[in-house]
Amino acid sequence: MTATSIGKVYLIGAGPGDPELITLKGKRCLEAADVVLYDELVNRELLDFVSANAEIVCVGKIAGGCAGNQRAIEAMPIGRAREGKCVVRLKGGDPFVFGRGGEEAQALSAAGIPFEIVPGVSSAIAVPAYAGIPVTHRSHAASVAFVTGHKAVGGEVKWGELARATDTLIILMGLQNIRAIMGRLLEEGCEPDRPVALIESGTLPHQKTAIGTVATICEIAEQRRFRSPTLIVVGEVVNLARELAWFERLPGVEMTTRRNYEAESLGGVSI
Ligand SMILES: C[S@@+](CC[C@H](N)C(=O)[O-])C[C@H]1O[C@@H](n2cnc3c(N)ncnc32)[C@H](O)[C@@H]1O
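Undergrad: For this particular structure, what's the right way to read the packing of aromatic side chains?
TA: Taken as a whole and judged by the stated rule, the model has 3 aromatic pairs. An aromatic cluster is defined as three or more aromatic residues linked by ring pairs; in this entry it consists of Y130, W246 and F247. For K208, the ring lying beneath its charged end belongs to F226, and the centroid distance is 4.7 Å.

Here is the structure:
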């Protein structure tokens, strides 16, 4: 009886939503996979690249929903690789940007499983780009910070330092805590009229965008019923959306974006 040779795990970034934003390497790995373990935010259209014989499992979890704890998720690719399989662990955006990809890679390393990381297009930059917001700009922003909004209170995120030292803040997982986050920014001396954008389901045809300010965005988020996944962008670059919003003008893209801009002249930056 011959021993089964060990397989390999590819930790792949699926991109932010638009299925065409996966990398060529990511697509090639999907085509070759025996097993695909994917997260909830991953666009299901990407599964069309997977062979009909492959095992496909949704192990995903999004804010509020849970389909298994992190330890169980980490054990799955290890078990399949020990059976000699080529395993793809497909994660939204980039696996190492707020995706627990670091923890999953550490678990593979500890278990002695060979692995590769295939970076992805993170929502942190792609979603603002689809809303016409460059995260840096020579005239408006020389620095950008990616921040978790999950930990709005407590000392883990240094809101004061971030607000003072960084031109653009990109806040992921922040919608549920938006009141606490904007409150912390104001407390720390952030100007109330600093522009803020909310972008829901960015890069997808139903992308929804709203523009306001640190002082007004919470009310806008409630009025416009923003839902997860939503990205929050704070900074002067948000104003460029007026000129650069391109995606909403494409045929086939829903009109939610433009309608929201009109609504925002209520209390935010008029677009
Ligand atoms: C757990 S983080 C994962 C981020 C991912 N690793 C990345 O690089 O994009 C999930 C958060 O990313 C943001 N996000 C991901 N996809 C998004 C999308 N299509 N539109 C808006 N926000 C998105 C939301 O803030 C969401 O709560």
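Undergrad: Please clarify how the nonpolar core should be interpreted in this entry.
TA: In summary, soluble globular proteins display a tendency toward joint burial of nonpolar side chains. Grouped together as the largest cluster of nonpolar side chains are 25 residues, with contacts concentrated most on M182, L185 and V234. The residues contacting M182, other than those within four sequence positions of it, are V196, V214, I217, C218, I232 and V234. Counting 18 residues, the second largest nonpolar core, distinct from the first, contains I12, A14, I22 and V118.

Undergrad: Explain the site of the ligand here, please?
TA: Near the ligand lie 18 residues; those nearest to it are V97, S122, S123, G202 and T230. Between the ligand and M173 there is a distance of 2.9 Å, counted from an oxygen atom to a backbone nitrogen or oxygen. Taking G202, its main chain carries an N or O atom lying 2.8 Å from a nitrogen atom of the ligand. In the complex, the protein chains occlude 88% of the 570 Å² of accessible area that the ligand would expose alone. Only α4 (123–130) and β10 (230–234) provide two or more residues apiece to the shell around the ligand. Within the shell around the ligand, the residues separate by chemical class into 10 nonpolar, 7 polar and 1 charged. There are two domains that each give the shell around the ligand at least three residues, and those are domain 1 (8–118) and domain 2 (123–264).

Undergrad: Just checking my understanding: could you explain the environment of P128 for this structure?
TA: Relative to the assigned elements, P128 resides in helix α4. Distance from P128 to L231, taken between C-alpha atoms, is 8.2 Å for residues 103 residues apart in sequence. The residues contacting P128, other than those within four sequence positions of it, are S123, I133, V135, I170, I199, L231 and V233.

Undergrad: How should the pairing of strand β2 (residues 35–38) be read in this particular structure?
TA: Side-chain direction in a regular strand flips from residue to residue, so the side chains alternate between the two faces of the sheet. Burial along β2 is two-sided: V35 and L37 facing one way and V36 and Y38 facing the other are all buried. Both β2 and strand β4 (residues 86–91) contribute to a ladder of 4 bridges, which runs parallel. Bridge pairing in β4 links Y38 to L90.

Undergrad: Whenever I open this one, unusual backbone geometry confuses me. Can you help?
TA: With the exception of glycine, most residues fall at negative phi, and the peptide bonds are largely trans. Going from S228 to P229, the amide bond is cis rather than trans, its omega being 0°. Assignment of secondary structure puts P229 in the loop between α7 (217–223) and β10. The backbone of M173 sits at a positive phi, close to 55°, despite the residue not being glycine. By secondary structure assignment, the location of M173 is in the loop between β7 (168–172) and α6 (178–187).

Undergrad: Would you mind showing me how to read the environment of T230 here?
TA: Tracing the sequence through the fold places T230 in strand β10. The buried category is assigned to T230, whose relative accessible area is 8%. Spatially, the C-alpha atoms of T230 and M173 are 7.1 Å apart, while their sequence positions differ by 57 residues. If near-sequence neighbours (up to four positions away) are discounted, T230 is found in contact with M173, L175, L198, I199 and E200. Among the polar contacts made by the side chain of T230, one reaches the main-chain carbonyl oxygen of R227 at a distance of 2.6 Å.

Rules and cut-offs
Residues numbered from 1 in each chain as written. Predicted model: local features only at pLDDT ≥ 70, side-chain atom pairs only at ≥ 80, totals over all residues. Heavy atoms only, no water. Phe/Tyr/Trp six-rings, centres within 6.5 Å; stacked < 30°, edge-to-face > 60°. Lys NZ or Arg CZ within 6 Å of the ring centre and 35° of its normal. Core = buried A, V, L, I, M, F, W, Y, C linked by side-chain atoms within 4.5 Å. Buried < 20%, exposed > 50% of the residue type's maximum accessible area, 1.4 Å probe, protein only. Contact = heavy atoms within 4.5 Å. Near = heavy atom within 4 Å. Polar contact = N/O pair within 3.5 Å; in protein donor to acceptor, adjacent residues only side chain to side chain. Areas by Shrake-Rupley, 256 points an atom, 1.4 Å probe, with all protein chains shown as cover. Helix = DSSP H or I, 4+ residues; strand = E, 2+ residues; numbered from the N terminus. Nonpolar A, V, L, I, M, F, W, Y, C, P; charged D, E, K, R; others polar. Domains from an automatic or database assignment. Pairing = 2+ DSSP bridges.

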